[in-house]
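Overview (structure and organization)
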Amino acid sequence: MFLQKMPDALKRVLAVFVLVAAAAVLVRVVLPASLTDSRLHIKSTVEREMAHPVRYAGSEACADCHEEYKVKQGGYHKNLSCETCHGAAKEHSENPSELKPKLPRMREFCAGCHTYNPSRPSGFPQVNPAAHNPLKVCVECHNPHDPKPTRTPQECSACHAEIARTKELSPHAQLECTNCHTVPQEHKLAPRSVRAGIPSERSFCGKCHSKDSGRKEAPKVDFLTHGEKYLCWQCHYPHMPEVQ
Amino acid sequence: MNSPLTEKLFDLLKQVTGYIYPNEIEVHWGILVVVYPYLTGLVAGAFILASLVKVFNVKEVQPAYRLAMLTALSFLLIAPLPLLLHLGHPVRSYEIFLNPNFTSAMAMFGFVYAWYLMVVLILEIWFTYRKDLIVWSQGETGLMRWVHRAVALYSTDISDKAVEFDKKMVKGITIIGIPSAFLLHGYVGFIFGSIKANPWWSSVLMPIVFLFSAIVSGIALVLFLYMVITPLRKEKIDIKCVDKMASFLFYAVIVDFSLEFLDFIHRLYESEESINILSDLVMNKLFISLGVLQVLLGMLLPLGMMVAIRLFKFEEELRKLLYFVSAILIQIGIFATRWNVVIGGQMFSKSFRGLTAYKMDIGGMEGFLMTLVLLSLPFIVLSILIKVLPPWEKPAKGTTEGGTMERSVIG
Amino acid sequence: MERRRFLSKFMSIAASATVVSGFFKRAVARTDGYDPKGHYYGMGIQIDKCIGCGKCVEACKEENNVPKEPFFFRTWVERYVIKKDGETSVQNTDMRIERSNEVFTERDILRSFFVPKLCNQCDNPPCVQVCPVGATFKTEDGVILVDDERCVGCRYCIQACPYGARYLHPERETADKCTFCYHRITKGMLPACVEVCPSQARIFGDVKSSASPLGRFKRMNKLHVLKPSLNTEPKVSYSGLDGEVR
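Residues numbered from 1 in each chain as written. Chains lettered and ligands numbered in written order. Predicted model: local features only at pLDDT ≥ 70, side-chain atom pairs only at ≥ 80, totals over all residues.

Attention shifts here to the overall build of chain A. Looking only at helices and strands, one finds 14 helices and 0 strands in chain A. Taken from N to C terminus, the helices and strands of chain A fall in the order α-α-α-α-α-α-α-α-α-α-α-α-α-α. Over its C-alpha atoms, taken along the principal directions, chain A stretches across nearly 115 × 65 × 30 Å. Taken across its 244 residues, chain A has 17% of its residues classed as buried. Of all intrachain contacts in chain A linking residues separated by at least 6 positions in sequence, the fraction that spans at least 24 positions is 48%. (Helix = DSSP H or I, 4+ residues; strand = E, 2+ residues; numbered from the N terminus. Buried ≥ 20, exposed ≤ 12 C-beta atoms within 10 Å, placed from the backbone. Contact = placed C-beta atoms within 7 Å.)

Shown next, in the form of structure tokens:
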């Protein structure tokens, strides 16, 4: 047969290969499915993942026992989960009398969100903690579950800190926000529902900046020719107007 | 928590410039992953050199043929070590054989390695040495006799017909072996080249560049070993063999250099988004390892020397000196190449906005000392193999296979 | 001769038995009542709402036992300051690793915002593609998980992720990353980061549910994903994503 014609050397080599291959096949056949079947691996991984302990209970869990939840629903912190400030509370919800969540009262805690940072979106209330009642604890004046300013803010900078500070560094520093913006009183109470207004015509800026204006220190341009198709703020940033 | 690691990472933070993603501070593929492609590159290169003799009938290189094969084998045996040491869970490494994910180039490692080791290298060495093993064992006693007989698989046929068959097998295996060697080292290049997340690695040329730098380093290594071992055996260096090896080295270096130069020009010309951070990387973090070690010392200088040899037709002693120096420089250069690819690719952030640093430990699993050990182990294995399977034993009377003695220099 | 024939027959039978058993479909039944086929999760992030407080990062570390050191993050927040002179500065909001003392005055700033980042749970995940042992995979409900018991710690997935979302867990020595809090979402809860976000910058949702905040988010906003040219098909979408964000 073919095997008889095969040189002896090749036969020996093939014998070794067959042995190795047989061992490999045997190992594969003998091994239990738990080691070889991918689907079983995936299933057991998913089960292990799902079995991880839950540490944050979720906002609704607090509602059952704590009145503050309802209070929070009506205020500016309504989108804040209880656990955002009080920390993970799943354990507390399972053993309410023995394990208590934390009760952060230090200024640094509130400052974590409310310290002024120019990268924060406009309309988010920010303060300079060093200047804003440094000797008091925040919760003395502000109810954390229904935070309101102690007085209706007189200054727009309470919520528009970045714009206010930008304006402070600009030639418009002397201007009040209300010089240009119409601010209904309701805006201070329900800022998202009632918005402040902006001027609608070039002639508004012309009150100071046109050639026949009385304001001596304001730079003048000829309103008939300067940027005639555009509203002024389509090129100039009113809170930090560019100066040549 | 793991304090030494944390301390090290806090230290590394100080060397970060610009912005890196926070998880990028830890460099994941360190010196061990530099050593692995270096070792497999030498395997592929030494084998390609050996294949020149058997497939392309370059008879001048015959004296170095068996040495090249044994070199390839010793480096291949040590090659998995850096990988095992690097894995977080080396004990689970059998999973690569049991449950390979076929979309992963890395999963190919187990199969390509096993194929190359068993079907190419060991088989070819076996057929090369089979007759000599039988002949030697007939004249020996004790342990060596037993070892030689066992390695020969207890075969006894040394007829001309059997020897002819052996030679045919060697040629056939070498023919399969060449694409296998390309695969063995090319897949490593593909591991890097297929990562679209990393613009320093992601390139069609990566497997090709890896392969050609492997060929360069492999030929240089065999050249170096031949020039070191032959005088140690108190034999004369066959200058024709050395000249021939050096000329193949020369061609390989030219191709390798052209490929890397092409990659460089291409990147600059296309000027994609990553060009700024990569230029920053090359000029600042990789200036020494790339500019000086890889290009100047590892490629231009040896290239210059070999061009000079051709132009000025230096005499034998000067040629040997220049080949020797070139071989060493090339090893340094190719090691630097691997470093620049592996470590360099992790020195810049995928945000393209920052650079970080790599600090190699002295001790420990991924340390400098371990690297030295891993780089010297193949030579230890090689010396054992040379003892058991001497490449240059004087052949017994009446045979034509074997060492340098009676084989005439091609003229 | 006889022995050889027997041996080769035995080999062929054994070989084919192995191949056949590999194709044998075994029913892998769920026992806990949650059917992953009914869900497909995604997330939306509204850049204009993020205040950069970092509560999401803290909550994630707490919920998922992520090492507290500032080198291992399942989610993190980046701060971008685009200056009038054209330079962009990016910082991490975790001040323990912020090295630069750069101070920005309102005079220099052109635009500035925070960008929360996390694993994008890609639909064409490069990390799953490159894992040599298949330890990381996509579940039927769209979440990419890591099998802790099979990961060999080769770190290929970490190299392959374009977003830097993965890290090697220093104690387990296996790859780790955001799982969308799989253990929470499969119980109908929100991921920890979404739960604690004070400004609802993060929106989590099930694409397969009929009405959800995520659905509205996708309708009302122009959406971006990170690194779209890499075709990873991320399932985390951003609204208001600036071109400077990488």
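We are not done yet, so read on.
Residue and element names in this part refer to chain B. The geometry of helix α3 (residues 62-78) relative to helix α14 (residues 368-388) is characterised by a closest axis approach of 8 Å and an angle of 135° between their N-to-C directions. Considered as vectors, α3 and α14 are oriented oblique to each other. For the element pair α3 and α14, the recorded crossing hand is right-handed. Facing Leu70, Thr71, Leu73, Ser74, Phe75, Leu77 and Ile78 of α3, the residues of α14 in contact are Leu374, Leu377, Pro378, Val381, Leu382, Leu385 and Ile386. Split by residue class, the contact of α3 with α14 holds 12 nonpolar, 2 polar and no charged. (Axes fitted to C-alpha atoms, helices over the stretch in contact; angles between N-to-C directions. Parallel < 35°, antiparallel > 145°, perpendicular 65-115°, else oblique. Left-handed = near helix turned anticlockwise from the far one by under 90°. Nonpolar A, V, L, I, M, F, W, Y, C, P; charged D, E, K, R; others polar.)

Right, let's talk about the interface of chain B and chain A for a bit. In this assembly, 10 residues from chain B lie in contact with 9 residues from chain A. Ranked by residue count, the leading element in the side of chain B that touches chain A is helix α8 (residues 160-193) of chain B, at 3 residues. Taken together, the residues that form the side of chain B that touches chain A break down as 5 nonpolar, 2 polar and 3 charged.

Here the focus is the environment of histidine 266 of chain B. Residues and elements named next belong to chain B. Locating histidine 266 in the fold gives a position in helix α10 (residues 239-270). A residue is classified by how many C-beta atoms lie within 10 Å of it, and histidine 266, with 12 of them, is exposed. The sequence separation of histidine 266 and arginine 92 amounts to 174 residues, and the corresponding C-alpha distance is 41 Å.

This next bit is on the interface of chain C and chain B. Listed per partner, the contact involves 41 residues of chain C and 38 residues of chain B. At the level of secondary structure, the elements contributing two or more residues to the side of chain C that touches chain B comprise β3 (88-92), α3 (126-130), α4 (156-160) and β7 (167-168) of chain C. No other element matches the 4 residues that α4 of chain C contributes to the side of chain C that touches chain B. Grouping the constituent residues of the side of chain C that touches chain B by class yields 24 nonpolar, 8 polar and 9 charged.

Along its sequence, chain A is carved into domain 1 (57-103), domain 2 (106-179) and domain 3 (198-238). Centre-to-centre separation of domain 2 of chain A and domain 3 of chain A, based on C-alpha positions: 31 Å. (Domains from an automatic or database assignment.)

Residue and element names in this part refer to chain C. One open sheet accounts for 4 strands, arranged β9-β1-β11-β10; its pairing is mixed. Pairing within the sheet leaves two strands with one partner each, and these edge strands are β9 (202-206) and β10 (223-224). Inspection of the sheet shows β10 paired to strand β11 (residues 236-239) by 2 bridges, in the antiparallel sense. Within β11, the residue paired with histidine 224 across the bridge is tyrosine 238. On top of the sheet, helix α7 (residues 213-220) reaches β1 (41-46), β9, β10 and β11; it is set at about 110° to β9, its chief contact. (Pairing = 2+ DSSP bridges.)

It is worth spelling out the pairing of β11 of chain C at this point. Bridge analysis of β1 of chain C against β11 of chain C gives 4 bridges, and the strand direction is parallel. In the strand pairing of β11 of chain C, isoleucine 45 of chain C is matched with tyrosine 238 of chain C.

Turning our eyes to something else, we now look at the sheet that holds β3 of chain C. All names here are of chain C. The strand order across the open sheet formed by 3 strands is β3-β2-β4, and the pairing between neighbours is antiparallel. Every other strand in the sheet has two partners, leaving β3 and β4 (109-118) as the edge strands with one partner each. Mean inter-strand twist for the sheet, computed between neighbouring axes without regard to direction, equals 20°. Relative to β4, strand β2 (residues 75-83) is paired through 9 bridges, and the arrangement is antiparallel. Across the sheet, residue isoleucine 82 finds its bridge partner in β4, namely arginine 111. Sheet contacts for helix α2 (residues 55-64): β2 and β4; angle to β2, the most-contacted strand, approximately 160°.

The next subject is the nonpolar core. Core analysis: the largest hydrophobic core is formed by 198 residues, its most contacted members being Val43, Ala72, Val222, Leu223 and Met245 of chain B. Of the residues forming this core, the biggest block, 18 residues, is contributed by helix α2 (residues 31-55) of chain B. (Core = buried A, V, L, I, M, F, W, Y, C linked by C-beta atoms within 7 Å.)

Moving on: the confidence of the model for chain B. Residues and elements named next belong to chain B. For chain B, the average pLDDT comes to 91, and 95% of its residues sit at 70 or higher. Low confidence marks residues 395-411, where pLDDT is under 50. Its contacts with residues over four positions away, or in another chain, come to 23 contacts. We note a pTM of 0.89 for the whole complex and an ipTM of 0.90 for its interfaces. (pLDDT = per-residue confidence, 0-100.)

Glancing now at the packing of α2 of chain B against α3 of chain B. All names here are of chain B. Across the interface, α2 lies against α3 with an axial gap of 8 Å and an inter-helix angle of 155°. As judged from the angle between their axes, α2 and α3 are roughly antiparallel. Between α2 and α3 lies a crossing whose hand is left-handed. From α2, Leu39, Leu42, Val43, Ala46, Phe47, Leu49, Ala50 and Val53 reach across to α3, where they touch Gln62, Tyr65, Ala68, Met69, Thr71, Ala72, Phe75, Leu76 and Ile78.

The next point concerns unusual backbone geometry. All names here are of chain B. Backbone geometry places tyrosine 154, a non-glycine residue, at a positive phi of 60°. Take tyrosine 154: it is sitting in the loop between α7 (142-151) and α8. Here tyrosine 154 falls in the exposed class, since 10 other C-beta atoms lie within 10 Å of it. For phenylalanine 352, which is not a glycine, the phi torsion comes out positive at approximately 60°. Within the secondary structure, phenylalanine 352 is located in the loop between α13 (316-342) and β2 (354-355).

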